[in-house]
Amino acid sequence: LHPQGPGPGGGICMERLETPRLILRPFEDRDAADVFEYGRDPRVGPAAGWRPHRDQAESLAIIRTVFAQPGVFALELKENGKVIGSAGYVGRHQTLLPGPDNEIGYAMSPACWGRGLMPEAVREILRYGFEDLGLNAQWCGHYDFNDRSRRVVEKCGFRYRFTEQTWVELMGEERTELHYALTREEWQAL
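Notes on the structure follow. (Residues numbered from 1 in each chain as written. Predicted model: local features only at pLDDT ≥ 70, side-chain atom pairs only at ≥ 80, totals over all residues. Heavy atoms only, no water.)

### A short note on the sheet that holds strand E4 (residues 83–89)
- The strand order E1-E2-E3-E4-E5-E6-E8-E7 describes an open sheet built from 8 strands, whose pairing is mixed. The open sheet is flanked by strand E1 (17–18) and strand E7 (159–168), the only strands paired with a single partner.
- Where strand E6 (residues 137–143) lies against strand E8 (residues 173–183), 7 bridges are found, and the strand directions are antiparallel. In the strand pairing of E8, cysteine 140 is matched with tyrosine 180.
- Where helix H5 (residues 147–155) meets the sheet, its contacts fall on strand E5 (101–108), E6 and E8, and the angle it forms with E6 comes to roughly 155°. (Pairing = 2+ DSSP bridges. Helix = DSSP H or I, 4+ residues; strand = E, 2+ residues; numbered from the N terminus. Contact = heavy atoms within 4.5 Å. Axes fitted to C-alpha atoms, helices over the stretch in contact; angles between N-to-C directions.)

Below is the structure:
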């Protein structure tokens, strides 16, 4: 999940969404071990703009703050009940398209990469945002070197809008970020 703060997008996430292989649900304290398992991996956080988790206590703190924000979901695998990532709204808004809008961020355990699980989750969040929350546009972005996120964006039908230089506070560096969006009309035409 992108490290930006919360914002409008449906209130505290009490929703429970489902896809064929995932349950998207609010995070709980008991998820800390699973979050730490993928959050400590240096392939996950730095690509999304945050440092690897140092210990399970840090993962629990993230659950109670960042993941407790509006529209943020734990990605639970139906096959075993394990939390393998996060996806949801980061509260970042753009003015290029008519609102209301919000930006989707996500992160997933490398153990689950390559199975099409993140596009599956993001497609359900898109549906939720347009149909249940009444959003007019949904944004998604990635840093220029993050090919895995780029592939999720492409598979979900987002359209490229612009590129900018961004200061990544948690990493202490400037990066190139590409921004994509889908309007309600574009999504309905997919």
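Next, the rest of the story.
### Describing the environment of leucine 22
- Note that leucine 22 resides in strand E2 (residues 22–25).
- With relative accessibility at 0%, the residue leucine 22 sits in the buried group.
- Residues leucine 22 and leucine 75, 53 residues apart in the sequence, show an inter-C-alpha distance of 6.3 Å.
- In this structure leucine 22 touches Leu17, Glu76, Leu77, Lys78, Ile84, Leu117, Glu120 and Ala121, once residues within four positions along its chain are discounted. (Buried < 20%, exposed > 50% of the residue type's maximum accessible area, 1.4 Å probe, protein only.)

### Regarding the environment of valine 122
- With respect to the secondary-structure elements, valine 122 resides in helix H4 (residues 117–132).
- With 34 residues separating them along the chain, valine 122 and cysteine 156 place their C-alpha atoms 7.2 Å apart.
- Not counting chain neighbours up to four residues away, the residues in contact with valine 122 comprise Ile104, Tyr106, Val152, Cys156 and Phe158.

### Notes on the nonpolar core
- Grouped together as the largest cluster of nonpolar side chains are 31 residues, with contacts concentrated most on Tyr106, Met118, Val122, Leu126 and Phe158.
- Sort the elements by how many residues they give to this core and H4 lands first, with 8 residues. (Core = buried A, V, L, I, M, F, W, Y, C linked by side-chain atoms within 4.5 Å.)

### A word on the side chain of histidine 53
- Mapped onto the secondary structure, histidine 53 falls in the loop between helix H2 (45–48) and helix H3 (56–64).
- Here serine 59 takes part through its side chain, which lies 2.7 Å from a polar atom of the side chain of histidine 53. (Polar contact = N/O pair within 3.5 Å; in protein donor to acceptor, adjacent residues only side chain to side chain.)

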